[in-house]
Amino acid sequence: MRILIVEDDSVLSAALTRALSQASYSVDCVDNGEDALRALNTDTYALVLLDIALPKLDGLTVLRRLRERKSRIPVLMLTARDTLDDRVLGLDLGADDYMTKPFDLPEFEARVRALIRRGQFDAGKSLTHGGLRFDLEAHRLFYNDQPVELSVRELAVLELLLSRQGQVVTKEQMVDRLFGWGDDGGSNAIEVYVHRVRKKLEPFNISIRTVRGMGYLLEKAGEA
């Protein structure tokens, strides 16, 4: 699972990254509000750790814009502000939890686990599109409850498309999902995997549309 840390204190960011990585989470870090929104537009995260006092855009603005997009990603606010008004404002804007610096690492890790569990429960256990159902726990694909066989990376492509229905998914986003940061599988490899998934979805009247110059969009055949 991927966690986004939005924190301009490099020492704290490094410490949190180390702790979360040791707990088997994948972690991305940015140090300002603009890069946070850019990352949230680009990738899918299980949790956002969001400082309030950030350069360019403060954390409350990032949170407000995230919730205006109807995103339900769990957000844990991290801040040095300890007034009741600040906590109430953050929660009213849609924060799921709030921790005041400095904090104890075991409590932080427990809150992270709790928020991720809550996010998984809220998101449900499957992604659906027409007769397709992607079981997130078993990591298997079904069509009208009949199993559809895809390779691990084909499943990763389809999971990303299903999780972003109605949004164009870029090749860069797919590279990040399939190969990880710093391991560039190349756009040609993505084209191969998308082609394979297309062929396997054709019998179900479901297609992946190429949006020229942008990426891919999952849609039912015949949609504009």
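Note: the structure precedes this text.
In this text, all values refer to a predicted model and were calculated from it rather than measured experimentally.

Rules of the game
Residues numbered from 1 in each chain as written. Predicted model: local features only at pLDDT ≥ 70, side-chain atom pairs only at ≥ 80, totals over all residues. Heavy atoms only, no water. Core = buried A, V, L, I, M, F, W, Y, C linked by side-chain atoms within 4.5 Å. Buried < 20%, exposed > 50% of the residue type's maximum accessible area, 1.4 Å probe, protein only. Helix = DSSP H or I, 4+ residues; strand = E, 2+ residues; numbered from the N terminus. Contact = heavy atoms within 4.5 Å. Pairing = 2+ DSSP bridges. Right-handed = clockwise from strand over helix to strand, strands pointing away. Axes fitted to C-alpha atoms, helices over the stretch in contact; angles between N-to-C directions. Parallel < 35°, antiparallel > 145°, perpendicular 65-115°, else oblique. Nonpolar A, V, L, I, M, F, W, Y, C, P; charged D, E, K, R; others polar. Salt bridge = Lys/Arg side-chain N within 4 Å of Asp/Glu carboxyl O.

Before we move on, could you go through the nonpolar core and cite the residues and values that matter?
The nonpolar side chains of a soluble globular protein tend to be buried with one another. Counting 28 residues, the largest nonpolar core has Met174 and Leu201 as its most contacted members. Going through the elements one at a time, strand S7 (132–135), helix H6 (152–163), helix H7 (171–179), helix H8 (187–201), strand S10 (206–211) and strand S11 (215–220) are the ones with two or more residues in this core. The leading source of residues in this core is H6, at 7 residues. Excluding anything up to four places from it in sequence, Met174 contacts Val157, Leu160, Leu161, Val169, Ile190, Val194 and Tyr216. Among the nonpolar cores identified, the runner-up in size contains 22 residues, and Leu37, Leu40, Val48 and Val62 belong to it.

Any chance you could break down the pairing of strand S2 (residues 26–30) for me, citing the residues and the numbers?
Pairing between strand S1 (residues 2–6) and S2: 5 bridges, direction parallel. Paired with Val6 across the bridge in S2 is Val30. What joins S1 to S2 is helix H1 (residues 10–22), and the crossover it makes is right-handed.

Any chance you could break down the packing of H6 against H8 for me, citing the residues and the numbers?
Packing of H6 against H8 brings their axes to within 9 Å, and their N-to-C directions diverge by 80 degrees. Viewed along their axes, H6 and H8 adopt a mutual orientation that is roughly perpendicular. On H8, the residues that touch Arg153, Glu154, Val157 and Leu158 of H6 are Tyr193, Val194, Arg196, Val197, Lys200 and Leu201. Split by residue class, the contact of H6 with H8 holds 6 nonpolar, no polar and 4 charged.

With reference to specific residues and values, describe the pattern of salt bridges.
Counted by the stated rule, this structure contains 12 salt bridges. As a salt-bridge pair, Arg111 and Glu107 come within 2.5 Å of each other at their nearest N and O atoms. Of this pair, Arg111 and Glu107 both sit in helix H5 (residues 105–123), 4 residues apart, which is roughly one turn of the helix. The residue Glu191 makes a salt bridge to Lys171 at a minimum N-O spacing of 2.4 Å. Placement of the pair is Glu191 in helix H8 and Lys171 in helix H7, with a sequence separation of 20 residues. With relative accessibility at 23%, the residue Lys171 sits in the partly exposed group. Sharing partners across several salt bridges, the network here consists of Glu7, Asp51 and Lys101.

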